[in-house]
Amino acid sequence: MDLNKLYTAFLSSSKVSTDSRKIEKACIFFALKGDNFNGNQYAKTALEQGAKYVVIDEKIDDIPKEKHFLVKDVLSSLQDLARHHRKRLKTPIIGITGSNGKTTTKELLAAVLSKKYPVYFTVGNLNNHIGVPLSLLAINNTHELAIIEMGANHQDEIAFLSEIAAPNYGLITNIGKAHLEGFGGVEGIKKGKGELFDYIKQSEGKLFLNADSNELQEMARSRGLKAITYGKNAQANLEGSLESSNPFISFIWNWSYDGVATKSNEPITSQLFGSYNYDNLLAAVCVGNYFGVNEKDINDALSSYQSDMNRSQIIEKESNTLYLDAYNANPTSMKAALESFAQLNSTKEKTLILGDMFELGEASFEEHLSILDLVVSLKLTNAIFVGKHFYQHSKTYPAFKFFEERQHLVDSNELKSINNSAILIKGSRGMALEKLLEFIS
């Protein structure tokens, strides 16, 4: 394959598409393969629907030579094209990874930075070996900043994505017990997420660092990296002071870096619940100040930001208030959510609906047991647990309600009996607990 010819075709196309069901006129279609699909089978259809070019790795009859690129592997070609494009972009890129909060942090950074700059940022959670190349290929030189989210469930993945995205700035939100099975334990997580720090050191980029995290501090220190810091630590460049987290996070901040000092003249009252979102908000303030966004615009951006996609959403129903955080879950994020919920000031009775945590490997039994123990210690007595991993502990905790499947809970009519409650709903993505909302009044 001639990469320069492919790049010329890309530049003349309207966009990149990998979904034959969503073809836009004059796009370039990459016929990706998966376990249950083969994009090559839809290449002709993509052209008929208006695609300008198709990239395939199987020979297909009746496709005009000038309309297709026959390559050895479509996915590798997509990644190569993204690398090629990145080398020609002048846009500074902020790379974000972490065990928890990376998508919310990305969205908050985008809200703040967009007050001053044309910003591109990862759409949804397109943060893997396909999503990152697609994100890069959506950036053009009209974008003055870009934010690329990078996810991983095993070691060497962040290194690979960093090599494609070539971030000028790096931010790891935290180190937590996510994807334990793939990373091989917490030390494996530190090594895997730390690959972003390795890239920043190698490329002489800059680091934004949570000064309250001893793990992140040590990871930066061991690599000889200096950082622009944020946190509750008075020595941080961006120092925050929490005013309230009942239910929404409210805080003030002070910024000092490179001879410039400023502060918030009044508290920022966000529309995010859960003290675990405080670090995400502080990260956005830190990055905003570093890039020269003024105090009013930072405060306005964070005060008006509303979460979606089943993350940190508060939903008022007829008689219940739902605290929906069902996009994902792991032991670290589950623990943080439960502790915040336990501290919530509410006149309503508190109820938990918690779903299984996935990708924990051999640690799954103990980690689910630990969450049940935590619920007991927090005296959250009204609790419903959904999924096979929680269900295996049902005989140990007879005071709680357990259901092996989400549908079993729906069929039980248990949800209809919940009234005048504050309800925390949290579980791994595969549990799809947001589907319970229609059954709660």
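A short tour of the structure in this document, coming up. Throughout this document, residue positions are counted from 1 along each chain, in the order its sequence is written. Residues qualify for local features only when their pLDDT is at least 70, as the model is predicted, and side-chain atom pairs are given and counted only at 80 or more; totals for whole chains, interfaces and linings, by contrast, use all residues. Note that water and hydrogens are dropped before the side-chain values are worked out from all heavy atoms of the structure.

1. Thoughts on the pattern of salt bridges
Pairing between side chains of opposite charge can happen when the charged atoms of each approach one another. Formally: Here a salt bridge means any side-chain nitrogen of Lys or Arg lying within 4 Å of a carboxyl oxygen belonging to Asp or Glu. Segments assigned H or I by DSSP are reported as helices when at least four residues long, segments assigned E as strands when at least two residues long, and all are numbered from the N terminus. Accessible area is worked out with a 1.4 Å probe on protein chains only. A residue is then buried under 20% of its type maximum, exposed over 50%, and partly exposed in between.
All told, the structure shown has 20 salt bridges when counted by the stated rule. One salt bridge connects R83 with E163, and the closest N-O pair in it is separated by 2.9 Å. In this pair, R83 sits in helix α3 (residues 74-88) while E163 sits in helix α6 (residues 157-165), placing the two residues 80 residues apart along the sequence. The exposure class of R83 is buried, given its relative accessible area of 16%. By relative accessible area, which is 39% here, E163 ends up partly exposed. In this structure, a network of salt bridges that share partners links the residues K33, D57 and E58.

2. A closer look at the sheet that holds strand β3 (residues 53-56)
Two orientations exist for strands paired in a sheet by backbone hydrogen bonds: parallel and antiparallel. Short version of the rule: When DSSP finds two or more bridges between a pair of strands, those strands are recorded as paired. A contact between two residues is defined here by any heavy atoms of the two lying within 4.5 Å. Only the stretch in contact is used when fitting a helix axis, every axis being a line fitted to C-alpha atoms; angles between N-to-C directions are given from 0 to 180 degrees.
A sheet is described by the order of its strands in space; here 4 strands give the open sequence β1-β2-β3-β4, paired in parallel fashion. In this open sheet, the two strands that pair with only one neighbour each are β1 (16-17) and β4 (68-70). Sheet topology note: the β3/β4 ladder contains 3 bridges and is parallel. Pairing of V54 across the sheet is with H68, part of β4. Contacts between α3 and the sheet are confined to β1, β2 (28-30) and β3, with β2 contributing the most and set at about 130° to the helix.

3. Some remarks on the packing of aromatic side chains
The geometry of two aromatic rings is summed up by the distance between their centres and the angle between their planes. Applied cut-off: Only Phe, Tyr and Trp rings are paired, with Trp represented by its six-membered ring, and only when their centres lie within 6.5 Å; those with planes under 30 degrees apart are stacked, over 60 edge-to-face, the remainder tilted. A ring has a charge above it when a Lys NZ or an Arg CZ is no more than 6 Å from the ring centre and no more than 35 degrees off the ring normal.
Applying the stated criterion to the full structure yields 18 aromatic pairs. When the centroid spacing of 5.5 Å and the interplanar angle of 80° are considered together, the rings of F208 and Y290 count as edge-to-face. Here the residue F208 occupies a position in strand β9 (residues 206-210), and Y290 occupies one in helix α11 (residues 278-290), the gap between them amounting to 82 residues. Given the relative accessible area of 0%, F208 is considered buried. Between F385 and F402 the ring centres are 5.2 Å apart and the planes differ by 20°, which places this aromatic pair in the stacked class. Of this pair, F385 sits in strand β18 (residues 383-386) while F402 sits in strand β19 (residues 401-403), placing them 17 residues apart in sequence. Of the two residues examined, F385 and F402, each falls in the buried class. Ring pairs connect the aromatic residues Y117, Y169, F208, W255, Y257, Y290 and F291, which therefore count as one cluster. Over the ring of F341 we find K350, and its NZ or CZ is 5.8 Å from the ring centre.

4. Side note on the pairing of strand β17 (residues 349-355)
In plain terms, the rule: For the handedness criterion, the strands are oriented away from the viewer, and a crossover whose path from the first strand over the helix to the second runs clockwise is classed as right-handed.
Within β17, 6 of the 7 residues are buried, which leaves the element mostly enclosed by the surrounding structure. With 6 bridges joining them, β17 and strand β20 (residues 421-426) adopt parallel strand pairing. Counterpart to T351 in the pairing with β20 is I423. The pairing of β17 with β18 spans 4 bridges and is classified as parallel. Across the sheet, residue L352 finds its bridge partner in β18, namely A383. One crossover worth recording links β17 to the parallel β18 by way of helix α14 (residues 364-377), and it is right-handed.

5. Re the sheet that holds β18
Ordered by their spatial adjacency, 6 strands build an open sheet running β15-β16-β20-β17-β18-β19, and the pairing between neighbours is mixed. Edge positions in the sheet fall to β15 (313-316) and β19, since each has one partner strand and no second. Strand-to-strand twist across the sheet, computed as the mean angle between neighbouring axes with direction ignored, equals 15°. In the sheet, β18 pairs with β19 via 3 bridges, with the strands oriented parallel. By the bridge assignment, F385 is partnered in β19 with F402. On top of the sheet, helix α13 (residues 331-343) reaches β16 (321-325), β17 and β20; it is set at about 170° to β17, its chief contact.

6. Some details on the packing of helix α4 (residues 102-113) against helix α12 (residues 295-304)
Where we set the bar: Here the word oblique covers every angle except those under 35 degrees (roughly parallel), over 145 (roughly antiparallel) and from 65 to 115 (roughly perpendicular). When the near helix sits turned anticlockwise from the far one by under a right angle, the crossing is termed left-handed; a clockwise turn instead gives a right-handed crossing. The classification used treats Ala, Val, Leu, Ile, Met, Phe, Trp, Tyr, Cys and Pro as nonpolar, Asp, Glu, Lys and Arg as charged, and all other residues, Gly among them, as polar.
Where α4 contacts α12, the axes come no closer than 8 Å and their chain directions differ by 135°. With respect to α12, the element α4 is oriented oblique. As α4 packs across α12, the resulting crossing turns out to be right-handed. Contact residues: α4 offers L108, A111 and V112, while α12 offers I298, A301 and L302. Of the residues in the contact of α4 with α12, the class split is 6 nonpolar, no polar and no charged.

7. What about helix α8 (residues 186-193)?
Going by this rule: Note that the arc is computed from the directions linking the helix axis to the C-beta atoms.
Within α8 the residues assigned to the buried category are G188, I189, G192 and K193. Angularly, the buried residues of α8 cover 125° about the axis, an arc narrow enough to put them on a single face. On the buried face of α8, the contacting elements are β5 (93-97), α6, β8 (169-172), α7 (180-183) and α9 (195-203).

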